[in-house]
There are 4 protein chains.
Amino acid sequence: MAGNSFGDVFRITTFGESHGEAIGVIIDGCPPNIDIDETFIQSELDKRRPGQSKITTQRKESDTAKILSGVFEGKTTGTPLAMLIPNEDQRSKDYSHIKDKYRPSHADYTYEVKYGIRDYRGGGRSSARETAARVAAGAVAKSFLSQFGIRIFAHVSGVGKIEAPNLVSHDIDELTQIRESNIVRCADPATANEMIAFIDAIRKAGDTVGGRISTVIQHVPVGLGEPVFDKLHADLAKAMMSINAVHGFEYGSGFAGSEMQGSEHNDLFTNPENDAEKLKTLTNFSGGIQGGISNGMEITFRTAFKPVATIMRAQQTISREGETTEITGKGRHDPCVVPRAVIIIEAMAALVLADHLLKNQIYDAAR
Amino acid sequence: MAGNSFGDVFRITTFGESHGEAIGVIIDGCPPNIDIDETFIQSELDKRRPGQSKITTQRKESDTAKILSGVFEGKTTGTPLAMLIPNEDQRSKDYSHIKDKYRPSHADYTYEVKYGIRDYRGGGRSSARETAARVAAGAVAKSFLSQFGIRIFAHVSGVGKIEAPNLVSHDIDELTQIRESNIVRCADPATANEMIAFIDAIRKAGDTVGGRISTVIQHVPVGLGEPVFDKLHADLAKAMMSINAVHGFEYGSGFAGSEMQGSEHNDLFTNPENDAEKLKTLTNFSGGIQGGISNGMEITFRTAFKPVATIMRAQQTISREGETTEITGKGRHDPCVVPRAVIIIEAMAALVLADHLLKNQIYDAAR
Amino acid sequence: MAGNSFGDVFRITTFGESHGEAIGVIIDGCPPNIDIDETFIQSELDKRRPGQSKITTQRKESDTAKILSGVFEGKTTGTPLAMLIPNEDQRSKDYSHIKDKYRPSHADYTYEVKYGIRDYRGGGRSSARETAARVAAGAVAKSFLSQFGIRIFAHVSGVGKIEAPNLVSHDIDELTQIRESNIVRCADPATANEMIAFIDAIRKAGDTVGGRISTVIQHVPVGLGEPVFDKLHADLAKAMMSINAVHGFEYGSGFAGSEMQGSEHNDLFTNPENDAEKLKTLTNFSGGIQGGISNGMEITFRTAFKPVATIMRAQQTISREGETTEITGKGRHDPCVVPRAVIIIEAMAALVLADHLLKNQIYDAAR
Amino acid sequence: MAGNSFGDVFRITTFGESHGEAIGVIIDGCPPNIDIDETFIQSELDKRRPGQSKITTQRKESDTAKILSGVFEGKTTGTPLAMLIPNEDQRSKDYSHIKDKYRPSHADYTYEVKYGIRDYRGGGRSSARETAARVAAGAVAKSFLSQFGIRIFAHVSGVGKIEAPNLVSHDIDELTQIRESNIVRCADPATANEMIAFIDAIRKAGDTVGGRISTVIQHVPVGLGEPVFDKLHADLAKAMMSINAVHGFEYGSGFAGSEMQGSEHNDLFTNPENDAEKLKTLTNFSGGIQGGISNGMEITFRTAFKPVATIMRAQQTISREGETTEITGKGRHDPCVVPRAVIIIEAMAALVLADHLLKNQIYDAAR
């Protein structure tokens, strides 16, 4: 109800403020007997942590997750799996510049009005630091999904007005290798270079820029998604829109599809092997989901991130007392969030898939 | 869990197949003492019902909602408010063309694999007929919201490649009058004419086309939305994406905002009356929501609808037995759904707002 | 949240007031492909309906359930199964004796304060008439459970100070035959006669009396129940306590067990066939549940019902205006509810078991 | 769904095994601006911790709770409040006596069948150690409730066949003082002495014994409880039955009430001050709840605890391999749980009341 949980069956609850003692997550509903590899969880967190490259924030935080419960001798036990990520740099800093002023396009004002109290240190709960807990939980979800062969891949497909060409390969191992070979995490090397140069220039100008991430999910069984309100793409949309700075979501043909006509947009069924259990479609404008239920084709979606609100320039704002004043970004912030957000998108997608895979189990009861 | 409920506090559960006995909805959690005007509910349903004009389906169905419970002497009692909409035309028709074939870009195949059984008559539960129940519930939600002055307005802002200009007026009464004066429900008269001509041509060609709907919500109090997963825009996204045929959602600056830079995108606070409780922003790229919480500005979002899948042309498909075959749309279908979908968008927006308004009540407990 | 739903996976939502248009229920999450026999549903409702015998209320209501959705060609489809039970006798009666007075030990006063409005006709939503919807849903749950061989049996084990001896037979067919052969629904014929005579005398005196119902559930697989809060017996307790007039619940050894010592109370494991998958216990003080999870033994529990509050005698009370006044029961009421409540207990037990059986499916995901 | 959360609005999720790294709890939905006194939380935990007296287990564990999030400058912020209680004594012990054997009337067997894996160390998740997290959360709930004047008091009213007389005083401060002056936590000094002597004798005999706890809740506003399934007493029942070893629950007149007649059981309304908002009843067989909603009178209920299953005597059992074997309790266990369980009962009652108090807020929306 208060909004810090996600999922029905594979359900996570996160906690923690950016400058409190620690952040963390409880996974309730993780099936038992899943192999847990802490090295893998850490490698996922490393893709999100600050200080990775010149185009991310220069803050240093190791983001080490510690498992507190729910794992015994390397396997999940079916009991709640709790993970803790201590905040390393929580000493009292000078927050006077944000304590009494509302930063533009931040959550300072809305939190203060809603709750009547605000942990202003580094944004508190509204800080994107919270997403580290999602990444840790997403790593567990991925471990579960890998048992079914399900693979998730996201990459930066757009920065500002720069747009990467459509993916040529659909081999996730290959795509991941390209993506991880450049600091902007774009699976097209030429575009990656262009994006990096652009972000670097933006950063030097004390400004920030938005971007877009494209995702594909492969080997999803037919049948995931619960009509009518919990359609698979509706839950993916909510998951993605809940990530800080996301302003748009589309799946399959998306907004462009709304300009098309039915005769060109319909995905015709085909069946090379005459096996009714494994239909395919000639095109995939449906993005792998029909009637809210996965149809076995690749699931595809795209998300739009607004530019980071903290810029290194003076901006007009209002103080808590209602006086007009100025504010300038301090500290070390990302000029563009998408390179680090790629792994957050994957984590949220994994959580949605794990949840729906488990929900779909119940239909086997009567078989 | 099985996906037929929406909302946490103001919670609806819908039921019914397109060609069963009836469809309907239970609202649980509607506050007591709300005035219920059945005429208003019916007028909302009339905006969604088939047979309105030459650019909608020619099916005739009166879609009359009957209140079964939860209202006493014209007011809600706080107990479940159930509404029933009988299916008038439920006699056994010839469905052989869809009983044993999977219609392209429909839910036939996915439902059959998921459930192992399918009520093929008119699409059954996957039919957009289900949305009539949402409209009835949305009318009750609007009645509740009107007590707080909250107004919701949606209109058709795009059909195919035709795009309406941005709204000039923000007066919802005026906009509604324009919208209801044309059959495509676009608040710009010139664009409306263009859209109508285009849809009519598409219809005559036996084809269909997609479109876009833009929505504004006014007079929303500051504080609605539950961080971190149940952000107000995340719940709006899920609500809209759960509507049949919706493939994309964006709020505020949306996808276009992801091309912008922070220095131009940030919404600077202003305070003409020096009243800290009523801040405004100079721009509204945030779409009325910051950190997942309403900030008192107009909430704006846009949704994209794919073209209707049923076209009056022969298309290749696969039968249940796995044989390649052909299928041609029969009966009376919409060439474009957006004119009738406007009221569904408004209904879902009303349900999200009512739910979050009630959730936000709990924070008053400690005041 | 507003309390009219029960269950997580196999989830029911009921609606309707005693003197409104109709009552009814939606089951969301019923698995597909379950055979639905409307005759069976009706036979269950017949065991609850008024006017069965001289020791129940003499009101006449046929309580006919109509299925509106979710069933196709005799089988569930996995979509919401809605059932409607019209209220036959809903004409405006003279309710002046309860409109402005609070009946003692009824819900009149608490509903009025909570909601600020009250549908006083026949108790409205607080009437036990609501339980007919539970019985209809319970019949569907039983149909599902029967596929797993699970059997539920309840009978009247106590009326006033009269207590039936422990059951001799554990053959549910045999027990049901005895129970249904007498109007008080006690599986011990001699005690049944005593109870009937006592209730009849109470009725003639214009008074009412409480009673107790004992339940056994057989052939429950090992593993149902979700620690730590949703223990199987905790959910059974909530289910039973939610039935009108229930004031107490105990399972296994219950209150008597709290007087025992561990050395006599522990249920020792035994294994006649040396088959670790099918352990048994020598005693069953655990009532078939250990650590909140079914252990494969018979599940046993007992519920206590207070005497019906409406008596045919004048009682002091307070009017809505705060004046001291008198009230006397009118109409036709049960002198003792337990004979009709037996089937409500069974229905709620079936709903709990169906829900937990489906929940337990998720653990198979990783196997 | 997986059972480790409790409450809808004021919602807790607990985690941790008895011999893992730590146990803990997240409270999501705690209203902002509640004063948090860590000393009070610790004093509550001290009432539950082992090693208090000669009649509790002699294990030593300090049970120190650390707040990780959700509190800023001594007040709650409305964000998740996480608390961690490290397990101090988690080194590898010799658990061979329970690793491969199923302890009678414990959860070893059912956990192993349900999950296919079991953290056997000290009972893992099924250990009553989990209830420390509930006590910590309950302390926060009490802090919230104290703003409304709501007081909760529980004490040991029965041990074995020893039963305390009904409470003479209803002054909770006075009752608490008496209760805390004796190690069995009974508010009747004479009975307390009898109980202590009996438990001590039981302990010396290597045996255990069950008991009963009675609870009163004062100053509850009229209107808490959500008909029809989430009746206030139904949620109290579930809360109490979810506590380890509880086998029975009754409220108000309880099982004894089921032997009474309506004419003696009905609670007649009275109104000394002619103030319709503040009715009272002459008797309180309803236990402060009518129609599932609090009526402003004292809420009363009673819970029954079975004897502790671990006894210091050899008992027959079955090994994981299905062989008949013997097992004898090792280590330091409680001869009777009720003295330590008093505070767990209070904590669960506080959680139920806090949740329902917040739920009831939503009805104010339309006022």
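It should be noted that the structure appears before, not after, this text.
Source: prediction; values computed, not measured. (Residues numbered from 1 in each chain as written. Chains lettered and ligands numbered in written order. Predicted model: local features only at pLDDT ≥ 70, side-chain atom pairs only at ≥ 80, totals over all residues.)

(A) Expanded view of the packing of helix α4 (residues 131–146) of chain D against helix α10 (residues 338–361) of chain D. All names here are of chain D. Look at α4 against α10: their axes get within 8 Å of each other, and the N-to-C directions meet at 50°. Compared by their axis directions, α4 and α10 come out oblique. For the pair α4 and α10, the sense of crossing is left-handed. Listed contacts from α10 to T131, R134, V135, A137, G138, A141, K142, F144 and L145 of α4 are I343, I344, E346, A347, M348, A350, L351, L353 and A354. Residues that form the contact of α4 with α10 fall into these classes: 13 nonpolar, two polar and three charged. (Axes fitted to C-alpha atoms, helices over the stretch in contact; angles between N-to-C directions. Helix = DSSP H or I, 4+ residues; strand = E, 2+ residues; numbered from the N terminus. Parallel < 35°, antiparallel > 145°, perpendicular 65-115°, else oblique. Left-handed = near helix turned anticlockwise from the far one by under 90°. Contact = placed C-beta atoms within 7 Å. Nonpolar A, V, L, I, M, F, W, Y, C, P; charged D, E, K, R; others polar.)

(B) Representation of the interface of chain A and chain B within the structure. Each side of the interface is counted separately: chain A has 98 residues, and chain B has 98 residues. Classifying every residue of the side of chain A that touches chain B by side-chain character gives 36 nonpolar, 40 polar and 22 charged.

(C) Local environment of the interface of chain A and chain D. Taken together, the contact pairs 35 residues of chain A with 35 residues of chain D. Listed by contribution, the elements that provide at least two residues to the side of chain A that touches chain D are β2 (11–15) and β3 (22–28) of chain A. Here the side of chain A that touches chain D gets four residues from one element, more than from any other, and that element is β3(A). Looking at the side of chain A that touches chain D residue by residue, the class counts come to 13 nonpolar, 14 polar and eight charged.

(D) Region of interest: the relation of the copies chain A and chain B. By a simple turn and slide, chain A fits onto chain B: the slide is 0.0 Å along the axis, the RMSD is 0.0 Å, and the turn is 180°. The two molecules are tied by a two-fold rotation axis, judged by turn and shift. When the interface residues of chain A are mapped onto chain B, 100% of them again lie at the interface, so the same face is used by both copies. (Least-squares fit on C-alpha atoms with pLDDT ≥ 70 in both.)

(E) Inspection of the sheet that holds strand β2 (residues 11–15) of chain D at higher detail. Residues and elements named next belong to chain D. The five strands are arranged β1-β2-β3-β7-β4 in an open sheet whose pairing can be described as antiparallel. Both edges of this open sheet fall to β1 (5–6) and β4 (66–67), since each of them pairs with a single strand only. Examined bridge by bridge, β1 and β2 share two bridges and lie antiparallel to one another. Its bridge partner lying in β2, S5 is registered against T13. Along the sheet face, α4 touches β2, β3 (22–28) and β7 (81–86) and points at about 35° away from the line of β3. (Pairing = 2+ DSSP bridges.)

(F) Main features of the pairing of strand β17 (residues 314–318) of chain B. Residues and elements named next belong to chain B. Judged from the five bridges that link them, β17 and strand β18 (residues 324–328) form a sheet pairing that is antiparallel. Within β18, the position partnered with I318 by the bridge is T324. With antiparallel pairing between neighbouring strands as the criterion, β17 and β18 make up a hairpin whose turn holds five residues, including G322 at a positive phi of roughly 90°.

(G) Just the packing of helix α1 (residues 38–48) of chain A against helix α10 (residues 338–361) of chain A, in detail. Residues and elements named next belong to chain A. Direction vectors running N to C along α1 and α10 enclose 145°, while the axes themselves pass 7 Å from each other. Packed against α1, whose contacting residues are E44, K47 and R48, the element α10 presents R340, I343 and I344 at the interface. Looking at the contact of α1 with α10, its residues break down into two nonpolar, no polar and four charged.

(H) Local environment of the sheet that holds strand β2 (residues 11–15) of chain B. Residues and elements named next belong to chain B. Taken together, five strands build an open sheet; the order of strands is β1-β2-β3-β7-β4 and the sheet is antiparallel. Of all strands in the sheet, those with a lone pairing partner are β1 (5–6) and β4 (66–67), marking the two edges. Two strands pair when backbone bridges link them, and β2 and strand β3 (residues 22–28) are joined in this way by five bridges, in the antiparallel orientation. Following the sheet pairing, F15 is matched in β3 by G24. Running at roughly 35° to β3, helix α4 (residues 131–146) makes contact with β2, β3 and β7 (81–86) of the sheet.

(I) Broad picture of the environment of V156(A). Residue and element names in this part refer to chain A. With respect to the secondary-structure elements, V156 resides in strand β8 (residues 151–159). By C-beta crowding, V156 is classed as buried, having 29 other C-beta atoms within 10 Å. With 29 residues separating them in the primary sequence, V156 and R185 have C-alpha atoms 5.7 Å apart. With near-sequence residues (within four places) excluded, V156 lies in contact with V184, R185, C186, M195, G211, I213, V338, P339 and V342. (Buried ≥ 20, exposed ≤ 12 C-beta atoms within 10 Å, placed from the backbone.)

(J) Quick look at the environment of R11(D). By the secondary structure assignment, R11(D) is in strand β2. Judged by local crowding, R11(D) falls into the buried class, with 24 C-beta atoms found within 10 Å. Ignoring sequence-local partners within four residues, the contact set of R11(D) consists of M1(A), S5(D), F6(D), D28(D) and G29(D).

(K) A look at unusual backbone geometry. Residue and element names in this part refer to chain B. Of the consecutive residues P227 and V228, the connecting peptide bond is found in the cis state with omega at 10°. Relative to the elements of secondary structure, V228 occurs in the loop between β10 (211–218) and α7 (232–241). Backbone geometry places N33, a non-glycine residue, at a positive phi of 70°. Mapped onto the elements of the fold, N33 is located in the loop between β3 and α1 (38–48). The exposure class of N33 is partly exposed, given the 16 C-beta atoms found within 10 Å. Although it is not a glycine, H219 sits at a positive phi angle of roughly 65°. Positionally, H219 belongs in the loop between β10 and α7. Here H219 falls in the partly exposed class, since 14 other C-beta atoms lie within 10 Å of it.

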